[in-house]
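Residue-level structural notes
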Amino acid sequence: MPSSQNRGGDFRNEIIWCYKSGGASPKRRFSQKHDVILCYGKSGKKTLFNPQLEKSYNRDLKPYKFKGVKEYCDDIGWYTLVGMKDYWLIDMVGRTSKERLGYPTQKPEALLERIIKASSNEGDIILDPFCGCGTTIAVAEKLNRQFVGIDISSFAIDLVRDKRLKNKDINIQGIPFDLRSAEKLAIDNAFNFESWAVTRLPRFVPNAKQIGDGGIDGRATLTNKPDNWDTKLALAQVKSGGKFSLGHLRDFMHVIDSNKAAMGCFVTLHPVDTTGSRKEIANASTVHVDNYDFPRMQMWSIDDYFNQRPPRLPMMNDPYTGKSMIPQLF
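Read on for an overview of the structure. Nothing here was measured: the structure is a model prediction, and the numbers come from that model.

Analysis parameters
Residues numbered from 1 in each chain as written. Predicted model: local features only at pLDDT ≥ 70, side-chain atom pairs only at ≥ 80, totals over all residues. Heavy atoms only, no water. Salt bridge = Lys/Arg side-chain N within 4 Å of Asp/Glu carboxyl O. Helix = DSSP H or I, 4+ residues; strand = E, 2+ residues; numbered from the N terminus. Buried < 20%, exposed > 50% of the residue type's maximum accessible area, 1.4 Å probe, protein only. Pairing = 2+ DSSP bridges. Polar contact = N/O pair within 3.5 Å; in protein donor to acceptor, adjacent residues only side chain to side chain. Contact = heavy atoms within 4.5 Å. Axes fitted to C-alpha atoms, helices over the stretch in contact; angles between N-to-C directions. Patch = residues over 30% accessible without salt bridge, like charges linked within 9 Å, V, L, I, M, F, W, Y side chains within 5 Å. Areas by Shrake-Rupley, 256 points an atom, 1.4 Å probe, with all protein chains shown as cover. Core = buried A, V, L, I, M, F, W, Y, C linked by side-chain atoms within 4.5 Å. Expected span 1.5 Å × (residues − 1). Arc of directions from axis to C-beta. Parallel < 35°, antiparallel > 145°, perpendicular 65-115°, else oblique. Left-handed = near helix turned anticlockwise from the far one by under 90°. Nonpolar A, V, L, I, M, F, W, Y, C, P; charged D, E, K, R; others polar.

1. Concerning the pattern of salt bridges
Applying the stated criterion across every chain, the model contains 17 salt bridges. For E113, the salt bridge is made with K142, and the minimal N-O distance between the two is 3.7 Å. A residue pair is termed long-range when its members are at least 10 positions apart, and E113 in helix α1 (residues 109-119) and K142 in helix α2 (residues 135-142) qualify at 29 residues. Overall, the relative accessible area of 46% leaves K142 in the partly exposed class. What you see here is one network of salt bridges that share partners, running through E109, E113, K117, K142 and R164.

2. Things to note about the sheet that holds strand β11 (residues 233-239)
Taken together, five strands build an open sheet; the order of strands is β9-β10-β11-β12-β15 and the sheet is mixed. Looking along the sheet, the strands with just one partner apiece sit at the ends: β9 (205-206) and β15 (297-301). Examined bridge by bridge, strand β10 (residues 218-221) and β11 share four bridges and lie antiparallel to one another. The residue of β11 that forms the bridge with A220 is A234.

3. Digging into the side chain of T199
With respect to the element layout, T199 can be found in the loop between α5 (190-198) and β9. Here R200 takes part through its side chain, which lies 2.9 Å from a polar atom of the side chain of T199. Setting aside residues up to four positions removed in sequence, T199 forms contacts with S154, F155, D158, F204 and P206.

4. Here's the deal with the sheet that holds strand β6 (residues 87-89)
The strand order β2-β1-β6 describes an open sheet built from three strands, whose pairing is mixed. Strand pairing shows two members of the sheet lacking a second neighbour, β2 (34-40) and β6, which therefore form its edges. Strand-to-strand twist across the sheet, computed as the mean angle between neighbouring axes with direction ignored, equals 25°. Here seven bridges tie strand β1 (residues 11-18) to β2, and the two strands are oriented antiparallel to one another. Its bridge partner being in β2, F11 is matched across the sheet by Y40.

5. A closer look at unusual backbone geometry
A positive phi angle is found at N144, which is not glycine, with a value near 65°. Summarising the element assignment, N144 is placed in the loop between α2 and β8 (146-149). Non-glycine residue K260 carries a positive phi angle of around 55°. For K260, the location among the structural elements is in the loop between α6 (246-258) and β12 (263-268). Judged by its relative accessible area of 57%, K260 falls in the exposed class.

6. Overview of a nonpolar patch on the surface
A cluster of nonpolar residues, I125, L127, V148 and I150, forms a patch on the protein surface that exposes about 380 Å² of accessible area. Mapped onto the secondary structure, I125 falls in strand β7 (residues 125-128).

7. A short note on the nonpolar core
Judged by nonpolar contacts, the single largest core of 29 residues is most densely connected at F193, W196, F204, M263 and I302. For this core, the secondary-structure elements that each account for two or more residues are α4 (179-188), α5, β11, β12, β13 (286-289) and α8 (302-306). For F204, the residues in contact, after removing those within four places along its chain, are V198, T199, G218, R219, A220, A234, L235, A236, L313 and M316. Listed in part, the 13 residues of the second largest apolar core include I15, I37, L112 and A140.

8. Describing the pairing of β8
Here four bridges tie β7 to β8, and the two strands are oriented parallel to one another. Following the sheet pairing, I125 is matched in β8 by Q146.

9. Some words on α6
At 3.6 residues per turn, the α-helix brings residues three or four places apart onto the same side. When the terminal C-alpha atoms of α6 are compared, their 19 Å separation across 13 residues agrees well with the 18 Å that a helix rising 1.5 Å per residue should span. When α6 is considered as a whole, its buried residues turn out to be L249, F252, M253, V255 and I256. Down the axis, α6 shows its buried residues gathered within 155° of arc, on one side only. Exposed side chains of α6 directed beyond 90 degrees from the buried face belong to H254 and S258. Remark: K260 follows α6 within two positions and exhibits a positive phi of approximately 55°.

10. Describing the packing of α1 against α2
Their axes nearest at 9 Å, the elements α1 and α2 cross at an angle of 60°. Taken as axis vectors, α1 and α2 run oblique relative to one another. The hand of the α1/α2 crossing is right-handed. When α1 is examined against α2, the residues E109, L112, E113 and I116 are found in contact with a partner set consisting of T135, T136, V139, A140 and K142. Its residues assigned to classes, the contact of α1 with α2 comprises four nonpolar, two polar and three charged.

Structure follows, in structure tokens:
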């Protein structure tokens, strides 16, 4: 990493964020338990900075009575308030934290609160161009800042809308809000449409590989193994094209068999109900799980999604927290 002197006139601080977290200790190096935060401000202009204070405890645990210095006392002992240093001890979002949403790169609210307070005032605009599960914009909203969050993941946007800012009137752009906008996304960017469509299926996540994916666009895990099947794997394939092809459905059924998946869902833009498709799905039989029979292969559409017609799925594991949940689409 380059030194502070080589980072240009906009550079202000290198902050070390230290935290505790689990995991086995590496055998050939020290455990890495910190991140580096680089602070920049516009050059040639006065950069907004609100000094933050922290407690500095007296080692003797008693007041020193320095002239002109205010001292305070809490459960730990006597302390003074000093300017905050450039290393911060803030715990990660742990497995049992009330903040935990299951997003893999989720940051603690305390970290973003410190950054936002130091670098902005009430009414200012906070921009997070990679907002993930929305910690930054949730804290900005709590601190009476305006905010703009951007993320390529429709799953992330769902978390912001349904968890972070639930029941709040926020403007969301770039993801479909009706069938017509879904049709436009399918034409403009087929890959983005596939990723978005997969996440309309509860507890499914998009396949990391979009080119050469072997016909797999999404994956999920059943909570319980079916009585008549050896795996808990569920797979999804999305077709954004216009006319339905029975050959595509048959190819996906071969993918389901070759991967030994317990279930499969073939997603289209518009509903498909042909004699050939009904016959193929009937031939796929059923899986018995949680005392119910579910179709091993089913067809589902984005039109079904917007008209609140969910697919029939058993209990599935949340892909990020691992918790089992009954699928809920709406």
